[in-house]
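# A closer look at the structure
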Amino acid sequence: MLNYIIRRVLWAIPVLLIISLVTFYLGHAIPGGPFDKEKPVPAEIMANLESYYGLDDPLWKQYTDYLTNVLHGDFGPSYSSRSRTVNDIIGEHFPVSAVLGILAVLVAMVVGVPLGMMSALKQNTSIDYICMFFALLGVSVPSMTLGPVLVWFFALKLHILPVARWGTWQQAILPAFTLGIGSAALLARLTRASMLQVIREDYIRTARAKGVSEKNVTVHHALKNALIPVVTVIGPLFAALVTGSLIVEQIFAIPGCGKYFVTSVTNRDYPVVLGIMLLYALIIIIANLLVDITYSWIDPRIRYS
Amino acid sequence: MESKEKNNASNKVIIPERPETNLWRDAFRRLYKNKMSVIGGIIIIILLFISIFAPYIAPNHYADGDFMHNYEKPGDKYLLGADFMGRDVLSRIIYGTRISLSVGIVGALTSFIIGVMYGLISGYYGGKVDNIMMRIVDIMYGFPTLLLIILMMVLFKSTFAVTTPGTFVGTLSAIDKSFGGLFFIFIGIGITAWIGMARIARGMALSLREKEFVEAARATGNSNFKIMMKHILPNLIGPCIVTVTLQIPRYITFEAFLSFIGLGVNPPTPSWGMMISEGYKAIRSNPHLALYPGLALAITMMAFNFLGDGLRDALDPRMK
């Protein structure tokens, strides 16, 4: 097991290297430079700027320099906002995306798990059908539809929640729901499926035969085991929600990493683009690794070689 | 032994004759019984019809602006209102069906053709081939998909913005222009779409190649290519169809999102995502501008999800 983890962690290094290389290359292949302005900058100033940031070096040298800096924990300067480094920018914008992601995961769990449980316990009744219909609806409604609808209804019709921006807890409600509701539906379906499987197991029959109360059977014997697959998707769900929150960040004008990424690509701010890409790739890789580890930890029958 | 034969004999009497069936006919029967998936299928057929006959159905051309009636409320003249340039929202939604469906279909095709073939080869050969091919998939899997697509779209958009006709770049640019900016969206989605499918196909090919019928096929001297195509592919195609149907909504949102942030289709091509983004700016005064295209997007995604769900139950009854 330990061997497996070490191998996986080591394998993440070349993956990140290649991702950084591809991103670096794609970024530099985009025509135009970070200092192109509508009014052309005088040639000498441009040359000075480029030599200051090392942009006149050959590409491979720029890349190796970048890697050396990254290994020292320095993700470089930002070309478009000169007073801040990439570390500052990520330090300022990433927490916003992360909080949004965590809130969305909470929404997904609080809404999804009870829905799926209810559905499974009342299998093939109208409650089950209604729950599952809403789950299918939730999976299908994209945040681009849900966001404007929620804003229109709660912010503009009822005037109980703010339209956009970020900072107070009221401002977090609509984006968290917009981002989380699709995953809530996914969790509901997952919980239902796994609950249905578990309540047919022999140990549930044994518990009932022993005279354990139905409530006890559901909570202590069934739910605990049914939640295993649910727990394992939390990690990748968080990764997917954080790295996929761009749409919601755009709709609600939230100053997260995703929104900043789009601006940086347009500004040819290569270090910021690379920094955010590497950070998100790292999150995805760690999440995928955690799933495999939790799988074998929760269910010892799974062994990796 | 004797009692078993007896059993079989008595079984023959009890079980009524059923018409001859195969996997697909059986699956279709089950699919047909599932109301939700039938509804999904019907909606998809209607959407296809709308997108093909858009010029005959739409009351106006999608790009015809009527500045005397910009921000017209839904009413007699414009059933779903008019946008900031006085363009008919209904007509733009009708033409927008073309964009969303074509992205969904092209995404599904690339994912299916590249992904299934890749996974099939990787899983069938196993060993070293599998190891190398799956490491490539691992790398692609590490990329944050949306960020990669955004980066590629900016690259495409600005590389092909200023070009001379006649060169390779110029030809690609001309193709993209004639598609209204869709061509590069196809490429961007195609590059990222096949990865999940490759993993699924590979997993199944890996277990299928150990089955007796594959061994039998090999023993009778079939070539690897023939075994893959005739014996393994038909067995993994069912779940792959289900996966791809359920992934179509993802491709549709990708396009809508790209157009939402201005990296998608070129105006005035009517993409639902672009309509939502334009309408959202005026949501205080004219909520209908963002809500109707959003509804169209949600209905389309729902139809594919309904159908995909039904297909899954139909092709794999054990999942139920």
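Residues numbered from 1 in each chain as written. Chains lettered and ligands numbered in written order. Predicted model: local features only at pLDDT ≥ 70, side-chain atom pairs only at ≥ 80, totals over all residues.

Next up on the list: the overall build of chain B. Summing up its helical and strand segments, chain B has 13 helices and zero strands in all. Sequence-ordered secondary structure for chain B, helices as α and strands as β, is α-α-α-α-α-α-α-α-α-α-α-α-α. Going through the 320 residues of chain B one by one, you find that 45% of them count as buried. For chain B, long-range pairs separated by at least 24 residues make up 70% of all intrachain contacts whose partners lie at least 6 apart in sequence. (Helix = DSSP H or I, 4+ residues; strand = E, 2+ residues; numbered from the N terminus. Buried ≥ 20, exposed ≤ 12 C-beta atoms within 10 Å, placed from the backbone. Contact = placed C-beta atoms within 7 Å.)

A few words on the overall build of chain A. The helix and strand inventory of chain A stands at twelve helices and zero strands. If you list the helices and strands of chain A from N to C, you get α-α-α-α-α-α-α-α-α-α-α-α. For a compact globule of 305 residues, the expected C-alpha radius of gyration is about 19 Å, and chain A comes in at 24 Å, more than 25% above that figure. Put simply, chain A has 305 residues, and 39% of those count as buried. (Rg over C-alpha atoms; globule rule 2.2 N^0.38 Å.)

Glancing now at the nonpolar core. Within the largest apolar cluster, 161 residues are counted, with the highest numbers of intra-cluster contacts made by Phe261(A), Val273(A), Met277(A), Ile150(B), Leu151(B), Met153(B) and Ala201(B). A per-element tally of this core places helix H13 (residues 288–315) of chain B first, with 16 residues. For Ile150(B), the contacting residues outside a window of four places in its chain are Phe261(A), Val262(A), Val265(A) and Leu263(B). (Core = buried A, V, L, I, M, F, W, Y, C linked by C-beta atoms within 7 Å.)

A few words on the interface of chain B and chain A. Across the boundary between the two partners, chain B contributes 37 residues, which contact 39 residues of chain A. Those elements that provide at least two residues to the side of chain B that touches chain A are helix H6 (127–142), helix H7 (145–159), helix H11 (224–260), helix H12 (272–280) and H13 of chain B. For the side of chain B that touches chain A, the per-class residue count stands at 27 nonpolar, seven polar and three charged. (Nonpolar A, V, L, I, M, F, W, Y, C, P; charged D, E, K, R; others polar.)

One way to put it is that helix H1 (residues 2–29) of chain A packs onto H7(B) with a least axis distance of 9 Å and a crossing angle of 30°. Classified by the angle their axes make, H1(A) and H7(B) are roughly parallel. The handedness of the crossing between H1(A) and H7(B) comes out as left-handed. Along the contact surface, H1(A) presents Thr23(A), Leu26(A), Gly27(A) and Ala29(A), while H7(B) presents Leu151(B), Met152(B) and Leu155(B). Per-class residue counts for the contact of H1(A) with H7(B) are five nonpolar, two polar and no charged. (Axes fitted to C-alpha atoms, helices over the stretch in contact; angles between N-to-C directions. Parallel < 35°, antiparallel > 145°, perpendicular 65-115°, else oblique. Left-handed = near helix turned anticlockwise from the far one by under 90°.)

On to the packing of H11(B) against H13(B). Residue and element names in this part refer to chain B. Between H11 and H13, the shortest axis-to-axis distance is 8 Å and the interhelical angle comes to 170°. The orientation of H11 relative to H13 falls into the category roughly antiparallel. Contact residues: Gly238, Pro239, Ile241, Val242, Thr245, Leu246, Ile248, Pro249, Ile252 and Ala256 in H11; Leu297, Thr300, Met301, Phe304, Asn305, Leu307, Gly308, Leu311, Arg312 and Leu315 in H13. A breakdown of the residues in the contact of H11 with H13 according to their chemical character gives 14 nonpolar, five polar and one charged.

This brings us to the environment of Val41(A). Residues and elements named next belong to chain A. Mapped onto the fold, Val41 is located in the loop between H1 and helix H2 (43–52). Judged by the 13 C-beta atoms lying within 10 Å of it, Val41 falls in the partly exposed class. Put simply, Val41 and Asp202 are 161 residues apart on the chain and 76 Å apart in space, counted from C-alpha to C-alpha. When neighbours within four sequence positions are excluded, Val41 is seen to be in contact with Phe35 and Met46.

So, on to helix H8 (residues 202–210) of chain A. Within H8(A), only zero of the nine residues are buried, which leaves the element largely exposed. Once H8(A) ends, the next one or two residues include Gly211(A), with phi positive near 95°.

Now for the confidence of the model for chain B. Per-chain confidence: chain B averages 81 in pLDDT, with 88% of residues scoring 70 or above. As a predicted assembly, this complex carries a pTM of 0.84 together with an ipTM value of 0.84. (pLDDT = per-residue confidence, 0-100.)

This part takes up the confidence of the model for chain A. On average, residues of chain A carry a pLDDT of 83, and 96% of them reach 70 or more. The secondary structure element of chain A with the lowest average pLDDT is H2(A), at 77, and the one with the highest is helix H4 (residues 86–121) of chain A, at 89.

The next point concerns unusual backbone geometry. All names here are of chain A. If you check the backbone angles, Asn124 has positive phi at about 65° while not being a glycine. Looking at the secondary structure, you find Asn124 in the loop between H4 and helix H5 (126–140). For Asn124, a count of 8 C-beta atoms within 10 Å translates into the label exposed. Residues other than glycine seldom take positive phi values, yet Ala253 does so here, at roughly 50°. Within the element layout of this structure, Ala253 appears in the loop between helix H10 (246–251) and helix H11 (257–266). Looking at Ala253, the number of C-beta atoms within 10 Å reads 13, which means it is partly exposed.

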